[in-house]
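Fold and contact review
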Amino acid sequence: MLIDTAADFDVRDYLRKEMMPHFLCPGCGHGIALRALLWAIHDLGLDKDRLAVVSGIGCAGRLSAYIDANTFHVTHGRPLAYATGLALARPDLHVVVITGDGDCLAIGGNHLIHACRRNLKLTCLMLNNEVYGMTGGQVSPTTSETRLTTTTPLGNQEPHFDACALATAAGAGFVGREVTHHVPKLKELIKAGLEHPGFAFVEVQSDCTEIFGRKNDMGSSSEMIMRQKSEIRPSAYLDTVDTPFRSNALPTGILARNDRPEYGATYRRAAAARKGAS
Amino acid sequence: MNAIDTALTGKSAVKLISGNHACALGAIAAGCRFFAGYPITPSSEIAERLARQLSEVDGVFVQMEDEIASMAAVIGASMGGVKAMTATSGPGFSLKQENIGYAAGAEIPCVIVNVMRGGPSTGMPTRPSQADIMQARWGSHGDYPIIVLTPASVGEIYSETLRAFDLAERCRTPVVLLYDQVIAQLSETVALDGAGHASATRKWASGPRAAYQPYDGGSDAIPAMARPGDGYRTHTTGLTHSESGFPTQQPEAVTRNLSRLFSKLERHRDLIDSSEALHCDDADVVIVAIGISARAATRAVEQCRAQGLRVGLFRPITFWPFPEKQLRQAAAKARAVLVPEMNTGQLRLVVERVLAGVAVEGLHLFSGEAITPSDIAARATALARGA
């Protein structure tokens, strides 16, 4: 994987400066993910006028307002459904969805599995901070077992979702995961997702220092990010010798890829063929 | 010539079709090029017809994973600048409400068909009802304006579908087309003449980006919309926003934007209002009804008139905003008002408010059967003789 520098990339070219300062808490990993997304967009030379960003509700949902593009901040859990209508109606637009673990996997879980199955060209960036941050720190579908949240005072008893395994099982054309520690790798992963012709699901392991970290004595943001880094197993190094020594090995990198036909193009081809035949 | 050719070429043809098919053809003629839906009785024929026909006009049909997603996809398509519609019935209409509120607040044009069936809950999927009158107006949380049209025949479903798209596009608002299962699945002859209809287009943003304010209502309270790709790069949100489109909780900006939103439809009542008064000029008794109940009431009025009784019918075609002025005018000489409806009194509640001081009697049937002309005629006769 190419690790380049950000020499020719100025994030301010892609932000709405009038919306600054942003509202994210100190230490929140979402800003790193946003920067990686904008860097990937820059690297690919995507036209901001043709870029549409659709986001749901929650901390991740608020990010669309900061991006200098056509941005749509929609209802809780539904950004993939809004984006499906937008992308089908306007195949000339590049449609990106920004969502969180609660937005995407709890209230919006049905839309995720069907977006994966349908394989319409969309890039879905799910920022996983293991918690409902905006509402004050309640348990989410990705909260690790035994973690404390405001609604799991006994420690979380529910098993957590592996979002990438879910997306893969549902047939997503592209599935990947990265941590915020590895910004250039995250950028490259998002780039690969943006370039994928069908539905691309990218999970970013983010950190919620202020609420989740504090509640669970996880230390500072840098400590949380370093812990995440220590717990991953990049898919590129699956066979390396240190793998067995890792206590908790979360796969990262590109985790699944297939070349199932993209839905929008398939639909338009079928319609054209039928018109031609009649 | 098939019906779709007729709808597109404007060569008028008379066809025997059902209300739901008339709705689908009206949508095509109005320029609808996107439909997202979810199967539900008794509205599914609209989706089935459009699944075949939208692809013939370079449109898109998609069956989504649920009712919520269908409404969301319709709004998404409309945000992209394409005329879009969904169709459903009671339970699905309930599920769509949150996103309908989004469309009202963010001012995204769209058309929602609700074919009313017996309720509450799963109710009677194949039986008619008129019990979603209030839900169509107040179904989503918060305070917002919306247009609701209540056609009473297959032909009127066709023409009101055309008008629904016009009003949605012109006023940047969701429009609900509300009709009962009887006229949805009733077949009548319809003149498919909608292709000659001058379809309204949305007011699009033009001019320099720096001067453009996405929610500036201008002189008519209807903001021009930016089409993605035209270089305006705006933000659309369900959060309360200022003229810039960005979220705000600043009290003056909130009040200003919501006041404009609430005034938007009131300022265009000339365009929106539609109602019909039959034999109301001298009527002692005025019947107020919509949909299939209004069809039955029309026959009842004829029967009463044949007996020399002064009975008339007032029929809202645009139900919300309610044609209050027109009803007061129609009932100016009435000593009694009769409201036959397939619910426990939703229309009666509105009529009682509009005609405060006049005796209003309800004829409510919620058995899953349609109200018959003789039921209405008997009550109207008693009222006319007593009055």
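What counts, and where the lines are drawn
Residues numbered from 1 in each chain as written. Chains lettered and ligands numbered in written order. Predicted model: local features only at pLDDT ≥ 70, side-chain atom pairs only at ≥ 80, totals over all residues. Helix = DSSP H or I, 4+ residues; strand = E, 2+ residues; numbered from the N terminus. Rg over C-alpha atoms; globule rule 2.2 N^0.38 Å. Buried ≥ 20, exposed ≤ 12 C-beta atoms within 10 Å, placed from the backbone. Contact = placed C-beta atoms within 7 Å. Pairing = 2+ DSSP bridges. Axes fitted to C-alpha atoms, helices over the stretch in contact; angles between N-to-C directions. Domains from an automatic or database assignment. Expected span 1.5 Å × (residues − 1). Nonpolar A, V, L, I, M, F, W, Y, C, P; charged D, E, K, R; others polar.

**Regarding the overall build of chain B**
Within chain B, the regular secondary structure consists of 14 helices and 16 strands. On C-alpha atoms alone, chain B measures out to a radius of gyration of 21 Å, which is about the 21 Å that the 2.2 N^0.38 rule sets for 387 residues. With the C-alpha coordinates of chain B rotated into their principal frame, the extents come out at 70 × 55 × 40 Å. For chain B, the residues scored as buried account for 58% of the 387 residues in total. Looking at chain B alone, contacts between residues at least 24 apart form 74% of all its contacts between residues at least 6 apart.

**With respect to the sheet that holds strand S13 (residues 311-316) of chain B**
Residue and element names in this part refer to chain B. The strand order across the open sheet formed by 5 strands is S11-S13-S12-S15-S16, and the pairing between neighbours is mixed. Each of the sheet's edge strands pairs with one partner strand only, and the pair in question is strand S11 (275-278) and strand S16 (359-364). The average angle at which neighbouring strand axes cross in this sheet is 20°, direction not considered. Two strands pair when backbone bridges link them, and strand S12 (residues 285-288) and S13 are joined in this way by 4 bridges, in the parallel orientation. Across the sheet, Val 285 pairs through a bridge with Val 311, a residue of S13.

**Overview of unusual backbone geometry**
Residue and element names in this part refer to chain B. Here Thr 41 and Pro 42 are connected by a cis peptide whose omega angle stands at 0°. Relative to the assigned elements, Pro 42 resides in the loop between strand S2 (34-37) and helix H3 (44-53). Residue Pro 321 is reached from Trp 320 by a cis peptide bond, and omega for that bond is -5°. As for its position among the elements, Pro 321 is in the loop between strand S14 (318-320) and helix H12 (324-330). For Ser 121, which is not a glycine, the phi torsion comes out positive at approximately 55°. Mapped onto the elements of the fold, Ser 121 is located in the loop between strand S5 (110-118) and strand S6 (124-128). The class for Ser 121 is exposed, based on 8 C-beta atoms found within 10 Å.

**Digging into the sheet that holds strand S2 (residues 70-73) of chain A**
Judged by pairing direction, the sheet is mixed, and its 9 strands sit side by side in the order S9(A)-S10(A)-S7(A)-S8(A)-S4(A)-S3(A)-S1(A)-S2(A)-S10(B) without closing on themselves. The outermost strands of the open sheet, each flanked by one partner alone, are strand S9 (232-234) of chain A together with strand S10 (235-237) of chain B. The average undirected angle you get between the axes of adjacent strands in this sheet is 20°. The sheet contact formed by strand S1 (residues 51-55) of chain A and strand S3 (residues 94-100) of chain A spans 5 bridges and is parallel. If you follow Ala 52 of chain A over to S3 of chain A, its bridge partner there is Val 95 of chain A. Across the sheet, helix H6 (residues 183-195) of chain A touches strand S4 (122-128), strand S7 (174-179), strand S8 (199-205) and strand S10 (250-257) of chain A, and the angle it forms with S7 of chain A is around 165°.

**Topic: the domain arrangement of chain B**
Assigned domains within chain B: domain 1 (3-196), domain 2 (209-269) and domain 3 (276-386). Measuring from the centre of the C-alpha atoms in domain 2 of chain B to the corresponding centre in domain 3 of chain B gives 40 Å.

**Notes on helix H7 (residues 154-171) of chain B**
Residue and element names in this part refer to chain B. Along its 18 residues, H7 runs 25 Å from first to last C-alpha, staying within 8% of the 26 Å computed at 1.5 Å per residue. Within H7, 17 of the 18 residues are buried, which leaves it mostly tucked inside the rest of the structure. The positive-phi residue at the C-terminal boundary of H7 is Arg 172, with phi of around 50°.

**Let's talk about the interface of chain B and chain A**
One widely used convention gives an interface's size as the accessible area the parts lose upon coming together. Between chain B and chain A, the contact holds 34 residues from the first and 33 residues from the second. For the side of chain B that touches chain A, the element with the most residues is helix H4 (residues 67-79) of chain B, which contributes 9 residues. Counted by class, the side of chain B that touches chain A contains 18 nonpolar, 11 polar and 5 charged residues. In terms of strand pairing, S2 of chain A meets S10 of chain B through 3 bridges, oriented parallel.

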